[in-house]
Amino acid sequence: MQRLAIMFGVFVLLIAVAIGVAAYLWGEDAVREGRSMYSTAQYFELRAQRRLPSLPLVAWIGDSTIMPSEEVRPYPLEIGKRLKETRRAAETIILADAGIGTFAEYCAVGKVLSLRPTAVYIIANLRAFVRTGSERGALDAASFIPASELPRAATLPWHAAGITIPRLLLARTLAWPQVREGFYFAEGLRQMFRDQVYSRPLHLPLMTRIRKYERELKDWDAPIDEQSPRLVMLRAAVELALRNGIRTTVIMPPIPKYVMEFSPHSVKGIAARSGVVGRAVSAAGARYVNLHNALATEDFRDLGGHYNRQGMDKMADSIEPLVRKDVVDLFYRPRQER
Amino acid sequence: MVFNSLEFLVFFAIVLGVYYGAVPASWERARKIVLVVASYAFYGSWNPIFTLLLLASTVLDFWVGLRLGSETRPTPRRWLLGLSLLGNLGMLGFFKYGGFVREQWLAVESLAGWGDAVAQPWSIVLPVGISFYTFQTLSYAIDVYRGVQKPTRSLLDFAVFVSFFPQLVAGPIVRSTDFLPQLDKRPPVTGTDVEEGLVRIFFGLVKKVVFADTLGAYVDAVFGDLPLYGGANLLLAIYAYAFQIYFDFSGYSDIAIGTARLFGFRLCENFDRPYIAANPREFWQRWHISLSSWLRDYLYISLGGNRGTPRRTYINLGLTMLLGGLWHGASWNFVVWGAIHGAWLAAHRYWTRDGSTRDERWIWLKRFATFHMVCAAWVFFRAATLSDAVLFFSRLGAGGWVAQEATNLAVLFVVLGAALHLGPSPIALHQRYRALPAPLQGVGYAAVAVLVFLFSPSEGRFIYFQF
């Protein structure tokens, strides 16, 4: 046992020295790198703040199709602008990050609950339902799940995103700033090391890029059913919002035409899958807006299903009446008329 | 929870703390309860609902064992065994092969023009480790049926045997004849046990995180875009995969054996430098030993083994390996992989029917040939589809070389993997390490911990978790 004690003592001492040296040499770079790796929670933190508490709040939760960019104003902001012009102003917040899916959206609903929004709009990109394995943002945003929701959260299929229940519980400690900084440091340090040694083809030829695009197109064309983990998570997000008395709408965003015509079964298959999502959302008690077929090819700016200015305007035209009705019904109309 | 994760570290520390700190050594029953609760928590961390399957398998085979113990008439005994087979294989069949069968049926429908074009395959979630614990409980029922094992009268002991978390999800597949006696008479855990356990755990972590995952990065890049690469890249990729899967699975087994040792249990060895095998038979005596011996004892022998005509023996060998391939997963790739090994074993048996297998001449050439035959079969094991496997072989003669950041490390780890096979056995290496002075061992462990931390991916799964 004395041998074990010596071994353990040397081990602990050296690990402490290694951490100290790493923090001294690469501390700031590592924390910066870690922050960039786990950006979803930071985006959510930054944007989930009320600036105009006297106005109704409309919260949008989704992926890059509603993210603000330099090229075009996202349609949620356009809708917000139009509401303001008609004296039915509402504050708009967008909790979005590129590549997130329903796991992170479920966590984001937890974040917006404390802001007491009037209505929540959740983007259900069909592409997000077919992914396997981990999901960007799901882990670091897990600390936003309200404590009262945890027993229910434990029954959800986190395994499909590579998250175990203990990991989900550990992720809650990220709500403490010191733990979060330590986490960023550790993850950033590891990423800096991995960047030095891991696999990246040095020169990708054109054909490889084309094959990559083909795989991206196929992403939309994969089966889902009511038990698909990502659909279960969407339903859980909807139910969480509804249980807290928030009017909830799920929007299936448009899919480029060339994606739908990619294989003989795609048009029918995509319509069928949109229907599966719709049935699940409606059964949970939320409103479902199926816009998968709403835009033409010229309304997109890339293969990933992002809209150009014209596409954004069309989306705003389609959704604005719903948002206006929600805001007027729930906030501006006298209580007895609602 | 994978072994190389922070949550496992926390979980393991809590379990060890409760097992040794909160329960006195004299209260063995309470310690067993701690192990069962910890094992169910470990298994449920993926998906709590699947603990019901584990419970069902445990209760079914415990009951079957008890009934077999008290039943002497042959027909009811056969029925009881049939019930165990039906329960375990039915569960395995539904979860593992249900989706595959449905997919094949939809393909047939589509070809024949019967079906609905948008009909969906079933998306059945595969419970982690189901192939391992169903085989473990089945072996118990078969052993009791054969009279090799006396049925245990303690449901608690049996639950520990089925659910013991170090080996629950990826083996080694433990036999009741080895494990249950350890629950009755177990000497107290000594400093030597702890040292041996730690060596296994740390060596296993290095194998998995440093070697297997680094090789995996290169393998994934190449198999993810086969048309890009020429023969040299592909050859390196398949060597890399051969060592990746070895380091991954043997690393897992090492951690499992080491973890069990910290609780005072001894699990069987699962690997013994498989790539120095000079023929397929020897390969299967060194690779995934707990599975190959299971297949031999419970499938090959049940099919008749070598007791019939030579032709019947070849068929039994082929069938055993075909089913062994299918055990790994519901895919035609695994069927082909199993068929290759089955045909190869049968051919080897035919060529060595006069006992020439003991011939030591050309041993290096035989090892070289065996390794490459194993690698050729690995192509089917690793490729995403059969057509990818065919594409792999068709591009072996293609020229060109794509440089990647991980190429140098892949070459280095393949060479290191080969060197580790040619050097002393892993057990001898562990003993040599343990002979070092304690402070030096502490330095080694700290170095390993730093390496494991740096190489560890954010989410690392063991390859054999999917089987």
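Use the structure listed above.
First things first, this report covers the structure right here in the doc. Just so you know, these numbers come straight off a predicted model, no measurement behind them.

Phi at R116(A) takes a positive value of approximately 50°, unusual for a residue other than glycine. Here the phi dihedral of R273(B) falls at roughly 40°; this positive angle occurs in a residue that is not glycine. Examined against the element boundaries, R273(B) turns out to sit in the loop between α10 (231–262) and α11 (280–286).

Turning to the packing of helix α12 (residues 289–300) of chain B against helix α13 (residues 310–328) of chain B, a few remarks are in order. All names here are of chain B. Interaxial distance between α12 and α13 falls to 10 Å at its minimum, and their mutual angle equals 120°. In terms of orientation, α12 lies oblique with respect to α13. For the crossing formed where α12 meets α13, the hand is right-handed. On α13, the residues touching L295, L299 and Y300 of α12 are N316, T320, L323 and G324. Tallied by class, residues from the contact of α12 with α13 come to four nonpolar, three polar and no charged.

On to the packing of helix α9 (residues 191–223) of chain B against α10(B). All names here are of chain B. As a packed pair, α9 and α10 sit with axes 6 Å apart at the nearest point and diverge in direction by 155°. Here α9 is positioned roughly antiparallel relative to α10, judged by the angle of their axes. Both α9 and α10 take part in a crossing whose hand is left-handed. For the contact of α9 with α10, a count of residues per class yields 22 nonpolar, nine polar and eight charged.

With 120 residues, the main nonpolar core has L215(B), Y218(B), A237(B), A240(B), A242(B) and F243(B) as its most contacted residues. Sequence-distant contacts of L215(B), defined by excluding residues within four places in its chain, comprise A240(B), F243(B), Q244(B), A410(B) and F413(B). In terms of nonpolar packing, the next biggest core, distinct from the first, is built from 88 residues, I66(A), V109(A), A171(A) and L189(A) among them.

Residue and element names in this part refer to chain A. Across the five residues that make up strand β3 (residues 119–123), a large majority, five, are buried. What you see with β3 is no split at all: A119, Y121 and I123 on one side and V120 and I122 on the other are buried throughout. Examined bridge by bridge, strand β1 (residues 57–62) and β3 share four bridges and lie parallel to one another. Counterpart to A59 in the pairing with β3 is V120. Relative to strand β4 (residues 247–252), β3 runs parallel, the two sharing five bridges. Bridging across to β4, A119 finds its partner in R247.

Working note: regular strand, side chains alternate between the two faces of the sheet. Residue and element names in this part refer to chain A. The buried fraction of β1 is high, at six of six residues. Residues L57, A59 and I61 point to one face of β1 and V58, W60 and G62 to the other, with burial holding for every one of them. Direction of pairing for β1 relative to strand β2 (residues 91–96): parallel, over a ladder of six bridges. If you follow I61 over to β2, its bridge partner there is L95. Handedness of the β1-helix α3 (residues 75–85)-β2 crossover: right-handed.

Let us now look at the sheet that holds β2(A). Strand pairing in a sheet takes place through backbone hydrogen bonds and is either antiparallel or parallel in direction. All names here are of chain A. With parallel pairing, five strands are arranged side by side in an open sheet as β2-β1-β3-β4-β5. A strand with exactly one partner marks an edge of an open sheet, and here the two such strands are β2 and β5 (287–290). Each strand of the sheet is rotated relative to its neighbour by a mean of 20°, with strand direction disregarded.

Along α12(B), the positions that sit buried rather than exposed are I289(B), S290(B), L291(B), S292(B), W294(B), L295(B) and Y300(B). Looking at the buried side of α12(B), the elements it contacts are α5 (130–146), α11 and α13 of chain B.

Turning next to the environment of L234(B). Within the secondary structure layout, L234(B) lies in helix α10. When the C-alpha positions of L234(B) and V379(B) are compared, they lie 9.9 Å apart, and in sequence the two are 145 residues distant.

Calculation notes
- Residues numbered from 1 in each chain as written.
- Chains lettered and ligands numbered in written order.
- Predicted model: local features only at pLDDT ≥ 70, side-chain atom pairs only at ≥ 80, totals over all residues.
- Helix = DSSP H or I, 4+ residues; strand = E, 2+ residues; numbered from the N terminus.
- Axes fitted to C-alpha atoms, helices over the stretch in contact; angles between N-to-C directions.
- Parallel < 35°, antiparallel > 145°, perpendicular 65-115°, else oblique.
- Left-handed = near helix turned anticlockwise from the far one by under 90°.
- Contact = placed C-beta atoms within 7 Å.
- Nonpolar A, V, L, I, M, F, W, Y, C, P; charged D, E, K, R; others polar.
- Core = buried A, V, L, I, M, F, W, Y, C linked by C-beta atoms within 7 Å.
- Buried ≥ 20, exposed ≤ 12 C-beta atoms within 10 Å, placed from the backbone.
- Pairing = 2+ DSSP bridges.
- Right-handed = clockwise from strand over helix to strand, strands pointing away.

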